[in-house]
Amino acid sequence: MVTNGRHRVVIVGGGFGGLYAARALANADVAVTLIDRVNHHLFQPLLYQVATGILSEGEIAPALRGVLRGQANAKVLLAEVTGFDLAGRNVTAVEPDGSDLVVAYDSLIVAAGMTPTYFGHDEWRAAAPGLKTLEDARWLRSHILGAFEMAEMARTPEERAAWLTFVIVGAGPTGVELTGEIATLARGILPRDFQDVATRDTRVVLIDAGPSVLPSFPEKLRRRAAADLRGWGVEIRTGTAAEDIRTAGIDLRNPDGSIEHVAARTVCWAAGMRAAPLADALAAASGTSTDRAGRLLVRPDLTLPGHAEAFAIGDMMGLDDLPGVAQVAMQQGRYAAGAIASRLAGEDPPPPFRYKDKGTMATVGPRHAVVDAYGLRIGGFIGSMMWAFIHVMYLVGWGNRVITVMRWLFQLTTRNRSQRLVDVRHAASWRELGDRPGPTGGGDA
Ligand SMILES: Cc1cc2nc3c(=O)[nH]c(=O)nc-3n(C[C@H](O)[C@H](O)[C@H](O)COP(=O)(O)OP(=O)(O)OC[C@H]3O[C@@H](n4cnc5c(N)ncnc54)[C@H](O)[C@@H]3O)c2cc1C
């Protein structure tokens, strides 16, 4: 991009943090270059709906180039960032054809997010995929739908039961939302479509090492969510940890210390996240410390120690134990953009970043949600309406908002799902580690 001597802002990552930073610089006299290894902005809060056949990929992942179309000072590059030369003020990256790319900057904003972690058991990754990228969601969808197809053809009751057993590890919002939708699929959507298998007999097990589901929610809403899940026939096993995970099932460590094997052909991992590898690269380049989750311990103004021109924001930074949620990343994106603009205008630096907590919410099946936001604590159908409104408003693009609402109405009124695609190659396969496409695979974020 011709910068005409303008201040060059390079943004790494087009997720919530990076995209909101880029947009907040729309009227600044700067040249913005946004680099991402995928060409889309992913609305991760609705990934579980792609994984369970409610929404299609494009509805939650508009092209970054299209999103920033009207912003004359912004350019988008599709490349995988590999490192930083903070002294020389360069970002190094690899283009899709393997060529090296070096992009110079005056200010840098890095928002590379997080990646699932298996707490030292990387061998579980192939048998228990996480849910972080579109590739993860597509794979999970094939596997969930394929399990019912395999159950229809099972030769023994044991084989059928294993295909009809789904274990979700981790009872935070992602685990609860995924669990609710798998149970709904099995008991509310699929029973009419299968002849030989009673999908209502599906066993859906939600496990968590902690004492309750949705630990970050108030007690009343936790109990409400657990009751709603049980209403869908979900088996909730708190105080229970994964001991071993293989393609044939999972070994659970029960609260009394006993080990129990659950034969399950589908195990989903929603238990832990760690800062993206670029956090390590930035830490090494700047000498910044990281916390236990690998997050960069940035200064109160979100810059790296000794580098006032370099910001790390969103999920990959650790400041005041802020949660890894979209609101933090969005507010930090705007904050970093504002700090750069005021510096260029010769104004005083802004006060330290302060997070405005707007609350949290999670769905529990299609008609229920728990909401702890805007001073309200509600559950049930009203909660799900509020959840739907907020999520639609934050989706990027009017077209996607309209189509998403239509798909939700379609599901509610017809008790069907429109995105139930699976083929014979993927229905019963486990993802090989070596099979994972580098730039979009969740395992190497
Ligand atoms: C399944 C799921 C459900 C969620 N639900 C909610 C919810 O309901 N509410 C909520 O508030 N939050 C939710 N979150 C969390 C929320 O999505 C994150 O907090 C938010 O996305 C963080 O924004 P970010 O910009 O820091 O990172 P991200 O949005 O993850 O963006 C990181 C970007 O960096 C890019 N990138 C990474 N490495 C490189 C590289 N080497 N080179 C180039 N590009 C790179 C990635 O491709 C990605 O586009 C959910 C997360 C998940 C996974």
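Residues numbered from 1 in each chain as written. Predicted model: local features only at pLDDT ≥ 70, side-chain atom pairs only at ≥ 80, totals over all residues. Heavy atoms only, no water.

1. Some remarks on the domain arrangement of the chain
Partitioning the chain into structural domains gives domain 1 (7-116 + 274-344) and domain 2 (122-271 + 422-435). Relative placement of domain 1 and domain 2: their C-alpha centres are 32 Å apart. Roughly 1500 Å² is buried in total at the junction of domain 1 and domain 2, and carbon and sulfur atoms are behind 66% of that figure. At the surface where domain 1 touches domain 2, the tally comes to 2 salt bridges. With its nearest N and O atoms 3.4 Å apart, the salt bridge here joins R138 to E57. Across the contact surface, domain 1 and domain 2 share 2 residue pairs in polar contact (both at pLDDT 80 or more). Only α2 (47-51), α3 (57-60) and β8 (114-116) provide two or more residues apiece to the side of domain 1 that touches domain 2. Ranked by residues supplied to the side of domain 1 that touches domain 2, first place goes to α2 with 4 residues. Partitioning the side of domain 1 that touches domain 2 into residue classes produces 12 nonpolar, 4 polar and 2 charged. (Domains from an automatic or database assignment. Buried area = accessible area lost by both parts, 1.4 Å probe. Salt bridge = Lys/Arg side-chain N within 4 Å of Asp/Glu carboxyl O. Polar contact = N/O pair within 3.5 Å; in protein donor to acceptor, adjacent residues only side chain to side chain. Helix = DSSP H or I, 4+ residues; strand = E, 2+ residues; numbered from the N terminus. Nonpolar A, V, L, I, M, F, W, Y, C, P; charged D, E, K, R; others polar.)

2. A look at the site of the ligand
Around the ligand, the surrounding shell holds 27 residues, and the nearest of these are G17, D36, Q44, V81 and D315. F16 has a polar backbone atom sitting 3.3 Å from an oxygen atom of the ligand. A distance of 2.8 Å separates an oxygen atom of the ligand from a polar atom in the side chain of D315. Here the ligand has 990 Å² of accessible area as a free molecule, and 90% of this is covered by the chains. Going through the elements one at a time, α1 (16-24), β4 (80-85) and α10 (326-344) are the ones with two or more residues in the shell around the ligand. (Near = heavy atom within 4 Å. Areas by Shrake-Rupley, 256 points an atom, 1.4 Å probe, with all protein chains shown as cover.)

3. What about helix α12 (residues 398-414)?
One turn of an α-helix holds 3.6 residues; hence residues three or four places apart share an orientation. Between its first and last C-alpha, α12 extends 24 Å over 17 residues, near the 24 Å set by a 1.5 Å rise per residue. Regarding α12, the residues found buried are N400, R401, T404, W408 and Q411. Axial view of α12: buried residues confined to an arc of 100°, hence all on one face. Residues W398, M406 and T413 are exposed on α12 and point more than 90 degrees away from its buried face. The elements touched by buried residues of α12 are α2, α3, α7 (173-189) and α11 (380-394). Positive backbone phi, at 50°, marks R415, one or two positions downstream of α12. (Expected span 1.5 Å × (residues − 1). Buried < 20%, exposed > 50% of the residue type's maximum accessible area, 1.4 Å probe, protein only. Arc of directions from axis to C-beta. Contact = heavy atoms within 4.5 Å.)

4. Regarding the packing of aromatic side chains
Here the structure, examined in full by the defined rule, presents 8 aromatic pairs. Measuring from ring centre to ring centre gives 5.6 Å for Y335 and F353, while their planes differ by 85°; the resulting arrangement is edge-to-face. Residue Y335 is found in helix α10, and its partner F353 is found in the loop between α10 and β19 (359-363); the two are separated by 18 residues along the sequence. With a relative accessible area of 14%, Y335 lands in the buried category. For F353, a relative accessible area of 7% corresponds to the buried category. In this structure an aromatic cluster arises from ring pairing among Y118, F119, W124 and W269. In this structure, R265 packs its charged tip against the face of W163, placed 4.7 Å from the ring centre. (Phe/Tyr/Trp six-rings, centres within 6.5 Å; stacked < 30°, edge-to-face > 60°. Lys NZ or Arg CZ within 6 Å of the ring centre and 35° of its normal.)

5. Focus: the pattern of salt bridges
Opposite charge on two side chains allows them to pair when their charged atoms are near. Counted according to the given criterion, the structure contains 24 salt bridges. We note a salt bridge from R203 to E235, for which the minimum N-O separation is 2.9 Å. Highlighted residues: R203 in strand β10 (residues 203-208) and E235 in strand β11 (residues 235-238), separated in sequence by 32 residues. The exposure class of R203 is partly exposed, given its relative accessible area of 30%. A residue is classified by how much of its surface remains accessible, and E235, at 27% relative accessible area, is partly exposed.

6. As for the packing of α1 against α10
In a packed pair of helices, the relevant descriptors are the angle between the two axes and the axis-to-axis distance. Close contact between α1 and α10 brings their axes to 7 Å; oriented N to C, the two are set at 35°. Both α1 and α10 take part in a crossing whose hand is right-handed. Together, F16, G17, Y20, A21 and A24 of α1 and A326, A329, M330, G333, R334 and A337 of α10 make up the contact between the two elements. (Axes fitted to C-alpha atoms, helices over the stretch in contact; angles between N-to-C directions. Left-handed = near helix turned anticlockwise from the far one by under 90°.)

7. Concerning the sheet that holds β19
Reading across from one edge, β19-β20-β21 is the order of the 3 strands in this open sheet, with antiparallel pairing throughout. Across the chains shown, the open sheet's two edge strands, defined by having one partner strand only, are β19 and β21 (376-378). Recorded for the sheet is a direction-independent mean angle of 10° between the axes of neighbouring strands. Bridge analysis of β19 against strand β20 (residues 369-373) gives 5 bridges, and the strand direction is antiparallel. (Pairing = 2+ DSSP bridges.)

8. Considering the sheet that holds strand β5 (residues 90-94)
Taken together, 3 strands build an open sheet; the order of strands is β4-β5-β6 and the sheet is antiparallel. The open sheet has two edge strands with one neighbour each: β4 and β6 (100-104). Taken pair by pair, the neighbouring strands of this sheet meet at an average axis angle of 25°, ignoring direction. The pairing of β5 with β6 spans 5 bridges and is antiparallel. Within β6, the position partnered with V91 by the bridge is V103.

9. Side note on the environment of E59
Relative to the helices and strands, E59 resides in helix α3. Looking at E59, the relative accessible area reads 5%, which means it is buried. The spacing of E59 and V424 is 365 residues in sequence and 25 Å in space, taken between C-alpha atoms. In contact with E59, other than residues within four places in its own chain, are L395, N400, I403, T404 and R407. Reaching out from E59, the side chain makes a polar contact with the side chain of R407 at a distance of 2.7 Å.

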